[in-house]
Amino acid sequence: MNMDQLTAIQHRLNKELAEMNDIIRQALYTPNELMNRVVSSYLLSKGKQVRPIMVILSAGIFGNVNTHVLHAGAALEMLHNASLIHDDVVDETMLRRGRETINSEWGNHIAVLVGDYFVSNALAAGIRTNNISIISALSDLGKELSLGEIDQICNAREHHFDEGSYFSMIRQKTASLFINCVKMGAEAAGAKPAEYEPLRKYAELFGLCFQIKDDIFDYSGDNSIGKPTGNDLREGKVTLPLLYALNNAPAEESRHMKELLESDSLSNAQIALLIDFAKRNGGIEYAYSRMREMQKEALRLLDAYPDSDWKQSFIDIFDFVISRDK
């Protein structure tokens, strides 16, 4: 599946997404001129909005995309953007989606405050759903995102080279977000937990694949996707392609690579060596095969629901996540 098919899903949800983006714009409007300028400029580039799309699709599969669903999607999108704004400060990122980041244009102080402003407005939008389960999902999400990042730092510092630690970390850091997307959409549509349980499991597999594909980009050498090659390795993050190679390559070569990873900082030449090692030893192919296995399982879970455009969009968006090129 290519970007055009994601565009087809966005087109199908054009009305709902436009209403949700209006909710976000109105929620973030303030008479404070500086805050307004920063926020308005930031909102010009929306990204793919995969997360709120998942909220809307989840409600749609239960036949009830109401105003509470759109507020839930708006809350989640604002919380997600807050985490990106704060991440850009931590990572000293200068460009996102082809535009200057808030920290690059306005400095860290303003960027942190704008991120906090997004969090507060996310909670306010959640409250407008009048649903304690949705507010609870939002607060869980804030906790999971923070803990996932801390886990990643611990894994990097303690040099965990096992798949179990990696999957546990991406489950918390990324899959939890998509689980909460479908939970919030289903709850806002009035579905019971037993009814959306297959969708919750689908969302976990979707989120794991979303992160694995993101991690594969680190080995690709294409800077247009928004992060330079080897960026994860520079930060000490060992992701699935390299983990597979470390655990399956000839012992002597693998031992040498582990020694490199245990040093405090890596040179560009060492990063290139590690990337080449992961590729030569089948790390990329392995990551794709794991994603395809998860996709098969996810599609089986969707059998619990009757055929519809909503269900087809869930099938298509999973394919998009694995085959996307940015």
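See the structure printed just above.
Definitions and limits used
Residues numbered from 1 in each chain as written. Predicted model: local features only at pLDDT ≥ 70, side-chain atom pairs only at ≥ 80, totals over all residues. Heavy atoms only, no water. Salt bridge = Lys/Arg side-chain N within 4 Å of Asp/Glu carboxyl O. Helix = DSSP H or I, 4+ residues; strand = E, 2+ residues; numbered from the N terminus. Buried < 20%, exposed > 50% of the residue type's maximum accessible area, 1.4 Å probe, protein only. Axes fitted to C-alpha atoms, helices over the stretch in contact; angles between N-to-C directions. Left-handed = near helix turned anticlockwise from the far one by under 90°. Contact = heavy atoms within 4.5 Å. Nonpolar A, V, L, I, M, F, W, Y, C, P; charged D, E, K, R; others polar. Phe/Tyr/Trp six-rings, centres within 6.5 Å; stacked < 30°, edge-to-face > 60°. Disulfide = S-S within 2.5 Å.

K.L.:
Go over the pattern of salt bridges with me, naming the residues and quoting the values.
P.N.:
Scanning the entire structure with this criterion turns up 15 salt bridges. Note that E19 is salt-bridged to K15, the shortest N-O span being 3.2 Å. Here the residue E19 and the residue K15 both occupy positions in helix α2 (residues 14–28), the gap between them amounting to four residues, near one helical turn. On the basis of relative accessible area, K15 is assigned to the exposed category, the value being 57%. The salt bridge partner of D214 is R324, with a shortest N-O separation of 3.4 Å. Of this pair, D214 sits in helix α10 (residues 193–217) while R324 is found in the segment after α16 (309–323), placing the two residues 110 residues apart along the sequence. What makes D214 partly exposed here is its relative accessible area of 26%. Classification of R324 by relative accessible area gives buried; the value is 4%. Connected through salt bridges with shared partners, the residues E163, R290 and E293 form a single ionic network.

K.L.:
How would you sum up the packing of helix α13 (residues 251–261) against helix α14 (residues 268–280)? Please name residues and give values.
P.N.:
The contact between α13 and α14 brings their axes to 11 Å, and the two run at 140°. Between α13 and α14 lies a crossing whose hand is left-handed. Packed against α13, whose contacting residues are E253, S254, H256, M257, L260 and L261, the element α14 presents Q270, L273, L274, F277 and R280 at the interface. Taken together, the residues of the contact of α13 with α14 sort by class into six nonpolar, three polar and two charged.

K.L.:
Go over the packing of aromatic side chains, please, and point to the residues and values.
P.N.:
A complete count under the given rule lists eleven aromatic pairs for this structure. Ring centres of F178 and F210 lie 5.1 Å apart, and the angle between their planes is 50°; on these two criteria the pair is classed as tilted. One end of the pair, F178, is in helix α9 (residues 163–188); the other, F210, is in helix α10, with 32 residues separating them in the sequence. Taking relative accessible area as the criterion, F210 reaches 7% and is therefore assigned buried. Measuring from centroid to centroid gives 5.6 Å for F206 and F318, while their planes differ by 85°, and the two rings are edge-to-face. Of this pair, F206 sits in helix α10 while F318 sits in helix α16, and the two are 112 residues apart along the sequence.

K.L.:
Kindly report on the state of the cysteines, identifying the contributing residues and their values.
P.N.:
Taken as a whole and assessed by the stated rule, the structure comprises zero disulfides. The thiol of C181 is not disulfide-bonded; the next cysteine sulfur, from C209, is found 15 Å away. Assessed through its relative accessible area of 0%, C181 is described here as buried.

K.L.:
Tell me about the side chain of D88, residues and numbers included.
P.N.:
Take D88: it is sitting in helix α5 (residues 67–91). Assessed through its relative accessible area of 4%, D88 is described here as buried. In contact with D88, not counting residues within four places along its chain, are T93, R96, T101 and N103.

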